[in-house]
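Below, each chain spelled out in residue letters.
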Amino acid sequence: MSVAASNENLRQLVSAVADAAAGARDMALMEICGTHTVCLFRSGVKSLMPTNVRLISGPGCPVCVTSCGYLDAACELAARKDVIIATYGDMVRVPGRTDSLEAARGRGAAVEVVYSARDAVKLARGNPGRNVVFLAVGFETTTPATAAAVIEAEAAGLKNLFILPGHKVLMPALEALLSADDSAIDGFLCPGHVSVILGAAAYRPIAQKYRKPCVVVGFEPANMLEGIGRLVRQVAASQAKVENAYGVAVTEGGNAQARAMIERVFEPAATEWRAMGSIPASGLALRGCYARFDARAKFGIEFGPDYEPPGCRCGEVIQGRIEPTACGLFGVKCSPTTPVGPCMVSSEGTCAAWYKYNRRSR
Amino acid sequence: MCLAVPGRIIEMLGGGSDGEAAVGPVATVDFQGSRVEVSLAMSPEASVGQWVLVHAGFAIAVLDEDEARQTWEYLQASGIGEMPEQLKAGSDGGK
């Protein structure tokens, strides 16, 4: 498609959203994916919404939802001379209560950034005298990779690979958000790549039980606008259906092989979300036959309590309760160069995206 | 963190260690010049020449070629996800 045709297509999609919203009530539509958060800002889609359609960000950035206690445990492990931490890059700069992996690395700790959980297995093979601890965070897109790494390590008899379990399960978190007395969410823009694994059908219980429309979208502006248009039409018509606007990659049933890998290695467990507390069945624990891979058991550590820096309102930001500009630290004490909370540290955090693309609205 | 990138399978990699064999087939995937080893454990039906959606070293879906090219072009043009660095990191062993 030429640039002119593409721009014309976007104009038509924007005006379709406006037409659908005309005369409808005020509505808040939540995206639950850090990459969506960034794409909505970067593409300008967020600024093109009609006045009665508000796009809010939910707990979709894996780094932002990770509890402070998890980060503290990771830093405690990093301080051990016999441990190499293997982590996705996003986690390195996030502060725990008193320390960060970046600071620990500055003091000589072995913190290796990996692209894949497979690289953690390779690190373990290449360093037989050290223990490699992979920081297992992320939603269902990322979890199967951890499961595969554990299966591979088990089959290869690798004794020096461990994981710090921090994976999150999407649906219980959505239910927790919707169960809050003051929930103001009218519909969900569902995460494209989590949905590749889960399948569009996975949202049906949410649509039915809570009467909230769910539309799966990809990452291109035209596709996001198409999805927003469908959500607005449903809200305006008081419908609550599941629609899939990202059929290129997402099927009704999702990726069964990936889910089977998750189920082989993990079982549901309560887990702590930053500022949201413990949510039943929203996390994953290693099954008994793989329990020896849990770094907590191996090194005798536990996840400490959650903690938010004084004045930091990341907890409310990740639940879509406030916009970043409502936080007194935003843009004053907290910026991408001197971040206080995880939503500003992570490149996919709502505060970082807001700071980079939307400061004029302050 | 959940961004996935389309690439084309150019070669199946046989053998591998015992552990790898337990998980599933491994292939070389081309991302417009960057070649990365990718596990097909979650898309075992994928074959040479096909496009796959890759997240953190795993193919999570098989894609139609035209759609994959469009997605790739958009990601390239917009610079989303700092993808080239990630792929580079993947190809040199994860540093």
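Values in this document were obtained by computation on a predicted structure and should not be read as measured data.

Caption draft 1: Highlighting helix 2 (residues 34-42) of chain A. Residue and element names in this part refer to chain A. Counting buried residues along helix 2, eight of its nine residues qualify, which places the element largely inside the surrounding structure. The set of residues buried in helix 2 consists of Gly34, Thr35, His36, Thr37, Val38, Cys39, Leu40 and Phe41. Directly beyond the C-terminal end of helix 2, a positive phi value near 85° is found at Gly44.

Caption draft 2: How the structure looks around helix 12 (residues 256-265) of chain A. All buried positions along helix 12 of chain A are accounted for by A:Ala258, A:Arg259, A:Met261 and A:Val265. Axial view of helix 12 of chain A: buried residues confined to an arc of 155°, hence all on one face.

Caption draft 3: Examining the interface of chain B and chain A more closely. If you look at the interface, chain B gives 33 residues, while chain A gives 47 residues. Taken together, the elements giving at least two residues each to the side of chain B that touches chain A come down to helix 1 (18-23), strand 4 (51-55), strand 5 (58-63), helix 2 (65-78) and helix 3 (83-91) of chain B. Broken down by element, the side of chain B that touches chain A gets its largest block of residues, five residues, from helix 1 of chain B. Among the residues making up the side of chain B that touches chain A, the classes are represented as 18 nonpolar, eleven polar and four charged.

Caption draft 4: Spotlight on the confidence of the model for chain B. All names here are of chain B. Here chain B averages 79 in pLDDT, and 74% of its residues register 70 or above. Contacts for the low-pLDDT stretch residues 81-95, under 50 throughout, to residues beyond four places or in other chains number 28 contacts. Scoring of the predicted complex yields 0.93 for pTM and 0.91 for ipTM.

Caption draft 5: Highlighting the sheet that holds strand 2 (residues 53-57) of chain A. Residue and element names in this part refer to chain A. If you walk across this open sheet you meet the five strands as 2-1-7-8-9, and the pairing is parallel. The sheet is open, and its two edges are formed by strand 2 and strand 9 (242-244), each paired on a single side. Ignoring which end each strand starts from, the neighbouring axes of this sheet average 20° apart. The pairing of strand 1 (residues 27-31) with strand 7 (residues 187-190) spans three bridges and is parallel. The residue bridging Glu31 from the neighbouring strand is Leu189, located in strand 7.

Caption draft 6: Fine view of the nonpolar core. Residue and element names in this part refer to chain A. Counting residues in each nonpolar core, the largest one holds 157 residues, and the members touching the most others are Ala74, Ile85 and Ala120. Here this core gets eight residues from one element, more than from any other, and that element is helix 4 (residues 68-78). Those residues within four positions of Ala74 in sequence are excluded, and the remaining contacts are Ile85, Leu101, Leu135 and Leu164.

Caption draft 7: View of the environment of B:Ser47. Residues and elements named next belong to chain B. Examined against the element boundaries, Ser47 turns out to sit in the loop between strand 3 (34-39) and strand 4. C-beta crowding within 10 Å serves as the criterion here: with 13 such atoms nearby, Ser47 is assigned to the partly exposed category. Note: C-alpha distance between Ser47 and Ala27 (20 residues apart in sequence) is 9.0 Å.

Caption draft 8: Structural view of the packing of helix 2 of chain A against helix 16 (residues 350-357) of chain A. All names here are of chain A. Interaxial distance between helix 2 and helix 16 falls to 9 Å at its minimum, and their mutual angle equals 10°. Taken together, the axis directions place helix 2 and helix 16 in an arrangement best described as roughly parallel. The way helix 2 lies across helix 16 gives a crossing that is right-handed. Here Thr37, Val38, Phe41 and Arg42 of helix 2 come into contact with helix 16, specifically with Thr350, Ala353 and Tyr357. Considered class by class, the residues forming the contact of helix 2 with helix 16 number four nonpolar, two polar and one charged.

Caption draft 9: Local environment of the packing of helix 1 (residues 3-21) of chain A against helix 11 (residues 221-236) of chain A. Residues and elements named next belong to chain A. With their axes 8 Å apart at the nearest point, helix 1 and helix 11 run at an angle of 15° to one another. Put simply, helix 1 runs roughly parallel to helix 11. Between helix 1 and helix 11 the crossing geometry is left-handed. Here helix 1 contributes Asn9, Leu10, Leu13, Val14, Ala16, Val17, Ala20 and Ala21 to the contact with helix 11, which in turn contributes Pro221, Ala222, Leu225, Glu226, Ile228, Gly229, Val232, Arg233 and Ala236.

Thresholds applied
Residues numbered from 1 in each chain as written. Chains lettered and ligands numbered in written order. Predicted model: local features only at pLDDT ≥ 70, side-chain atom pairs only at ≥ 80, totals over all residues. Buried ≥ 20, exposed ≤ 12 C-beta atoms within 10 Å, placed from the backbone. Helix = DSSP H or I, 4+ residues; strand = E, 2+ residues; numbered from the N terminus. Arc of directions from axis to C-beta. Contact = placed C-beta atoms within 7 Å. Nonpolar A, V, L, I, M, F, W, Y, C, P; charged D, E, K, R; others polar. pLDDT = per-residue confidence, 0-100. Pairing = 2+ DSSP bridges. Axes fitted to C-alpha atoms, helices over the stretch in contact; angles between N-to-C directions. Core = buried A, V, L, I, M, F, W, Y, C linked by C-beta atoms within 7 Å. Parallel < 35°, antiparallel > 145°, perpendicular 65-115°, else oblique. Left-handed = near helix turned anticlockwise from the far one by under 90°.

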